[in-house]
Amino acid sequence: YVATRRFHFAVHSRTVVPCFFLNQGPGVDVPAPDMGTNAQIMAWIKDTYMSYNPQDVNNIACVTGKPIEQGGVRGREEATGLGVFYSTREFMSYQDDMDRLGLTTGLKDKRIMIQGFGNVGYHAARWFASAGAKVVGVSDIDGAVYNDSGLDVSKLRSYMDENGGLRGFTGGTYSTEGSDLLEGDCDILIPAATENSITIANASRVKAKVIVEAANGPVTPEAESVLEKNGSVILPDILLNAGGVTVSYFEWLKNLAHVRFGRMNTRLTQTTHAALVKGLETKMGGIDNEFKTEFMQEQNELAIIRSGLEDTMINASREVRKIARDADVNLRTAAFMIAIRKIRKVVEQQGDFA
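Presented here is a report on the structure given in the accompanying data block. (Residues numbered from 1 in each chain as written. Predicted model: local features only at pLDDT ≥ 70, side-chain atom pairs only at ≥ 80, totals over all residues. Heavy atoms only, no water.)

### Observations concerning helix α9 (residues 243-257)
An ideal rise of 1.5 Å per residue puts 21 Å on 15 residues; α9 measures up with 21 Å between its terminal C-alpha atoms. Taken together, the buried residues of α9 touch α3 (79-91) and α12 (301-327). In the stretch just after α9, histidine 258 is the one whose phi turns positive, near 60°. (Helix = DSSP H or I, 4+ residues; strand = E, 2+ residues; numbered from the N terminus. Expected span 1.5 Å × (residues − 1). Contact = heavy atoms within 4.5 Å.)

### A look at the pattern of salt bridges
Counted according to the given criterion, the structure contains 21 salt bridges. One salt bridge connects arginine 332 with glutamate 224, and the closest N-O pair in it is separated by 2.9 Å. Residue arginine 332 is found in helix α13 (residues 331-350), and its partner glutamate 224 is found in helix α7 (residues 221-229); the two are separated by 108 residues along the sequence. Here the two residues arginine 332 and glutamate 224 agree in accessibility, since each one is buried. Put simply, Asp96, Asp97, Arg100, Arg321 and Arg325 are held in one network by salt bridges that share partners. (Salt bridge = Lys/Arg side-chain N within 4 Å of Asp/Glu carboxyl O. Buried < 20%, exposed > 50% of the residue type's maximum accessible area, 1.4 Å probe, protein only.)

### Focus on the sheet that holds strand β3 (residues 143-146)
Across the sheet, seven strands lie side by side as β4-β3-β2-β1-β5-β6-β7; this open sheet has mixed pairing. Lying at the two open borders of the sheet, with one neighbouring strand each, are β4 (173-175) and β7 (233-235). For this sheet the average axis-to-axis angle between neighbouring strands, irrespective of direction, equals 20°. The pairing of strand β1 (residues 111-115) with strand β2 (residues 134-140) spans five bridges and is parallel. The residue of β2 that forms the bridge with isoleucine 114 is valine 138. (Pairing = 2+ DSSP bridges. Axes fitted to C-alpha atoms, helices over the stretch in contact; angles between N-to-C directions.)

### Details of the nonpolar core
By size, the foremost hydrophobic cluster in this structure holds 54 residues, and its most contacted members are Phe117, Phe128, Leu156, Ile188, Ile190, Val210 and Val212. Those residues within four positions of phenylalanine 117 in sequence are excluded, and the remaining contacts are Tyr122, Ala125, Val138, Ser139, Asp140, Val153, Leu156, Arg157 and Met160. Counting 15 residues, the second largest nonpolar core, distinct from the first, contains Val136, Cys186, Ala203 and Leu227. (Core = buried A, V, L, I, M, F, W, Y, C linked by side-chain atoms within 4.5 Å.)

### A word on α13
With 20 residues, α13 extends 29 Å from end C-alpha to end C-alpha; this agrees with the ideal 28 Å at 1.5 Å per step. Buried-residue contacts for α13 involve α3, α7, β7, α8 (237-240) and α12. Once α13 finishes, glycine 351 follows within two positions and takes phi at roughly 80°, a positive value.

### Brief notes about the environment of serine 197
Assignment of secondary structure puts serine 197 in the loop between β5 (188-191) and β6 (210-212). Between the C-alpha atom of serine 197 and that of proline 218, which follows or precedes it by 21 residues, the distance is 4.9 Å. Setting aside anything within four residues of it in sequence, one finds serine 197 in contact with Gln115, Leu182, Asn202 and Pro218. A polar contact of 3.2 Å, which involves the side chain of serine 197, links it to the side chain of glutamine 115. (Polar contact = N/O pair within 3.5 Å; in protein donor to acceptor, adjacent residues only side chain to side chain.)

### Remarks on the packing of helix α5 (residues 119-130) against helix α6 (residues 153-163)
Interaxial distance between α5 and α6 falls to 9 Å at its minimum, and their mutual angle equals 160°. Judged on the interaxial angle alone, α6 and α5 are roughly antiparallel. Judged by residue contacts, Asn119, Tyr122, Ala125, Arg126 and Ala129 of α5 engage Val153, Ser154 and Arg157 from α6. Tallied by class, residues from the contact of α5 with α6 come to four nonpolar, two polar and two charged. (Parallel < 35°, antiparallel > 145°, perpendicular 65-115°, else oblique. Nonpolar A, V, L, I, M, F, W, Y, C, P; charged D, E, K, R; others polar.)

### So, the packing of α9 against α12
Here α9 crosses α12 at 130°, and the two axes come no closer than 10 Å. Of the possible angle classes, the one that applies to α9 and α12 is oblique. Between α9 and α12 lies a crossing whose hand is right-handed. Seen from α9, the contacting residues are Gly243, Thr246, Val247, Phe250 and Lys254; seen from α12, they are Glu301, Ile305, Gly308, Leu309, Thr312 and Met313. (Left-handed = near helix turned anticlockwise from the far one by under 90°.)

### Describing a nonpolar patch on the surface
Taken together, Ile238, Phe336 and Ile340 make up a surface patch of nonpolar side chains, about 280 Å² in accessible area. Secondary-structure assignment places phenylalanine 336 in helix α13. (Patch = residues over 30% accessible without salt bridge, like charges linked within 9 Å, V, L, I, M, F, W, Y side chains within 5 Å. Areas by Shrake-Rupley, 256 points an atom, 1.4 Å probe, with all protein chains shown as cover.)

### Observations regarding the pairing of β5
Along β5, one buried face is formed by Ile188 and Ile190 and the opposite face, lined by Leu189 and Pro191, is buried too. Where β1 and β5 come together, four bridges link them in parallel fashion. Paired with glutamine 115 across the strands is proline 191, a residue of β5. Two elements, β5 and β6, share two bridges in a ladder whose sense is parallel. In the strand pairing of β6, isoleucine 188 is matched with valine 210.

Written out as structure tokens, the structure reads:
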């Protein structure tokens, strides 16, 4: 607690930079949580910044990943894992791509293994399981657990929270060799732990046809060449794990607007939808209950955030896939091509005022 505050203050003190608090702020640099941090730590950083910038009306937007009560946004905790799910689901929907991999389209009954069962791995597993996939293996720092019929993701997470690890979980077979999971029999492998997990040393033994980079840099360049030569496709981290920073952007927008998403229009939307349903029922003598339930679903902040994340991830995935096919490059190269082209276009349009 004290160390976090003192470190944050030191980073912004006059002894570190010539101009006070110039290297962080809502319009300068906005940190987000990652490994080793959580919502509580982000709240401490926010409070420290606000203490020294009380005049900044947007000071609450200095960091993201905060608790809801501290200006956070609903859906931030699950965002990276959910983004992984949205993009993977999109890539798995194309018949010709799946034909080349020898897989059927969709996620139903796909065998998935996940390295790392922290925030990203857990939420990804939860959404994949809800879509009908089978999470048959999970590893973490103390080993791995397997179940060919599919692990109960929620029970496994609860067990880990209570016991501090996977050892002893009765819903699967435990192994002390967590790294072996990367070479397990599955359709989709999700490295969601640390970088350089798949290297030239183990790439040739990876069986998965689809490798989903939920972690940052889990596949080395040399390993990528081996995997592609063996017929696997890699969904790159630059795209797949962008869900977290996307929802951090939404949180930043919420803080700058000083109002939560949905507050100004949720009731109006519900009233309008209710009137429409009533009119349809009167004219048609009734409507389908499933349609009515879905149509009348409350458009609260969480629903809006998930919708925005889904739209962002799907559109980006489609753009990357198109460029990859048009330029005959892999998905990682295509993602970098798109990013560089966008930067180039902006620079050319605005010029350089150096």
